[in-house]
Each structure stands twice: as C-alpha cells, then as structure tokens.
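If you want the building blocks of each chain, they are given just below.
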Amino acid sequence: MLFRSTLRIDTGGTDAGTYSVAGGTALVFNGGTRTLNAGAGFAGTGAVVVSGGSVLNVNAALTVNNPLRITGSDSTTLTGAGNLTLAGAFTWDSGADISGTGTLTTSAVTTITNGVPGVGNGLGKPWVNTGTVNLAGDGQLFYYNAPSTFTNNGTFNLSSTQANPILVFNSSGHAFNNAGVFNKTQSGTQFITNTNLAFNNTGTVNVQAGTLRLDTGGVDTGVYAVPAGTVLQINAGARSLNAGSNVTGSGQVSVTGGTVDINGGYAIAGTGTTSVTGGVFNVNVPLAFTNAFTLSGGDAVTLGGSGNVTLNGAFNWSGGGNITGTGTLTTAGLTTIVTGAPNVSDG
C-alpha cells in the first residue's frame, strides 16, 4: 500500500496522548518498545504499522478504529495487559507475534499471512473475533508460550495453502473455540494439531473442500457439515460429540486415531460413509448407517459404545479390529470379514 505521507518512529517511548493519522497517511513504529498508557489512542483513518522489531505494549483498555498492521518477524510484537479492540482492518503477517494478558477483540476483517518462508504468526494472548478472520495465502497460526484461547464468534475462513495452518509451537492448555462459522475452503488435507490444543465447536464447521484433519481433542455441541467429496478426519485426542451436535452431509468421516464419542446427532450415517481405521469410535445413541461402514487396522481399533447400531449397507471388517460395548450391533447388508482376528465382546 502506498501512502501520501509516512511518519516513522524508530525509537521507543511512553504515550498518554493521541496520534492523529489522516486518511492516506501512515504512522509506523519501527523500533524500540512503544508503551500506550491510559489516555493514549489513535484518531483519523490512516494506517498504523508496527514493524522492524518494534514492541507495541498496550497497558490500558484501547479501541483502535484505524487500520492496523503488525509485520516483520517474531521480534515484532503486539502485547500488553490492556484489553485491545481493533474495529478497523487488521493485517498480521511475516511472523510477528501477539502476546500479553489483555484480551484482543477483532470486529472487522483480519488477514493473516506469513510472507516469509519458515515462519508463523505466534498467538500467546486471549483473542475474541466478532468479525471475519481470513487465514490466507501461506498463513500459519502458532500457539506459543502462555496458554491461549482463540474464540470465533464471527467467521473464520481457512484458505491458507499450509498443510498445518493451525498448530502448537510450545506449551499446553491452548484452545480454539468456534462459536461462529468456520469454513475450510482449500483443497487437499489440512490439519489442526496437536493434542496440546483443544478444538471445540459450538457453531458450524463447513468442510467445503478437501480433508479437515483434527489432531486435537475437544467437546462439540455444534455442526460439522461434510458435503460430497470432502472428508472430516479425526486423528488424535478425545472428541465428544455431545447433545446438540451433528455431523451432516454426504461426505466421509474417517477416524484414524484418538477416541470419538457420538452422544448427539450423526446424520451423516444416513447420507455419507464412515470408516474407522484407527482409534476408538463409540456410538452411545441409537444409530443406523445406510452406506458402507469400514472397521480395520489392528487390535487397537474399536467400534464400541452403549447405543444400538444398525449397519444397513456393506460392513467391511478386517485386520483385527474390535467390536465392544453394551449396545446391540445389527447387520442387515453384506458383511465381509478378512484377515486378522476380529474380536467381539460386551466390553
């Protein structure tokens, strides 16, 4: 973006007054630590940029209506104990970090990209989104240091080309809480990892293309929409699909690891396919599967639970997978059992 006029500040300082940034101009903090105390703020419609290894330390509650950009490696940091509301466009790129105990709230459009090979943008701060977040380009969101929770109350668009766009760099106790709309729009397999991060869905997750792989645990009361040609893969952690939850569409659910407890809706049983080739798949509600169901992969792979399960389509059982639990299994289609030593028990 080109600006008619730019004021660049290459030193640190402490502020309790207002910077007026007119439209078409930019205020750039490009070095040192800039501390914003009570009374500090920004006016006008011009851009505010934090770059060059600068630290912007927000010490008191602050609302910024100007466009804000943080950029320039992990030495550039937005931090502080004050609650910060970004009501204007927010651009976060090139490995810059966000940290501190104050809550960040974004209510407009946030764009996250990397721009620098091999780096990710580090989140170490509570963040609530009520607007739209675009994890775009080659964008990657790292959770790091202090346990951090991102809560999406708006729209989160996952269009990054990264295979692992949301991940944990270090520490534990992190959470991604989707209470709004989460859209996966990029083709191919993309995974959210690892078990130090809980992915909890109380809103709607739309798998619009490719495979969304969850390498995390979580508790869900929302909807996963998995249309034809797409896959929801659960690969690690303990995931509870509780009352109010549902998995819909005519795509595929692939359980390759972890433990999945179906305690709510699972409409995809009637419209799509389910395969369990790793981990444990517990059905704790009465459920009828219309299409093919696959259970395979060794003694650690289990179909269990307390719900009665009816398999109306083909049932392919191989490789030593186990069937356990107190619910009754009814097979109404063709059952094929091959290799291994399948085990049936009452748990």
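Residues numbered from 1 in each chain as written. Predicted model: local features only at pLDDT ≥ 70, side-chain atom pairs only at ≥ 80, totals over all residues. Heavy atoms only, no water.

Caption draft 1: Structural detail: the sheet that holds strand β15 (residues 104-106). Here seven strands make up an open sheet; going across it, the order is β9-β12-β15-β18-β21-β24-β27 and the pairing parallel. Strands with a single pairing partner mark the edges of an open sheet, and in this sheet they are β9 (62-64) and β27 (197-201). Each strand of the sheet is rotated relative to its neighbour by a mean of 10 degrees, with strand direction disregarded. (Pairing = 2+ DSSP bridges. Helix = DSSP H or I, 4+ residues; strand = E, 2+ residues; numbered from the N terminus. Axes fitted to C-alpha atoms, helices over the stretch in contact; angles between N-to-C directions.)

Caption draft 2: Up close: the nonpolar core. Core analysis: the largest hydrophobic core is formed by 73 residues, its most contacted members being Trp92, Phe182, Tyr266 and Phe281. By residue number, the principal contributor to this core is strand β35 (residues 252-262), which donates four residues. Apart from the residues within four sequence positions on either side, Trp92 is in contact with Ile70, Asp97, Ile98, Thr111, Ile112, Thr113, Asn121, Gly122, Leu123, Trp127 and Leu141. (Core = buried A, V, L, I, M, F, W, Y, C linked by side-chain atoms within 4.5 Å. Buried < 20%, exposed > 50% of the residue type's maximum accessible area, 1.4 Å probe, protein only. Contact = heavy atoms within 4.5 Å.)

Caption draft 3: Seen up close, the packing of aromatic side chains. Taken as a whole, this structure holds 20 aromatic pairs when the rule is applied. Considering the side-chain rings of Phe150 and Phe156, the 5.7 Å spacing of their centres and the 65 degrees angle between planes classify their relative orientation as edge-to-face. For Phe156, a relative accessible area of 0% translates into the label buried. Centre to centre, the rings of Phe156 and Phe176 are 5.2 Å apart; their planes meet at 85 degrees, and the pair counts as edge-to-face. In this pair, Phe156 is assigned in strand β22 (residues 155-158) and Phe176 in strand β24 (residues 174-178), connecting sequence segments 20 residues apart. Neither residue differs from the other here; Phe156 and Phe176 are each classed as buried. Linked through ring pairs, Phe90, Trp92, Trp127, Phe150, Phe156, Phe176, Phe182 and Phe199 together constitute an aromatic cluster. Its end group placed over the ring of Phe191, Arg213 keeps NZ or CZ at 4.4 Å from the ring centre. (Phe/Tyr/Trp six-rings, centres within 6.5 Å; stacked < 30°, edge-to-face > 60°. Lys NZ or Arg CZ within 6 Å of the ring centre and 35° of its normal.)

Caption draft 4: Expanded view of the sheet that holds strand β37 (residues 287-289). As summarised here, the arrangement of the three strands in space is β37-β40-β43, forming an open sheet in which the pairing is parallel. Single-partner strands in this sheet number two, and they are β37 and β43 (329-331). Put simply, the sheet's adjacent strands are angled 15 degrees from each other on average, direction ignored.

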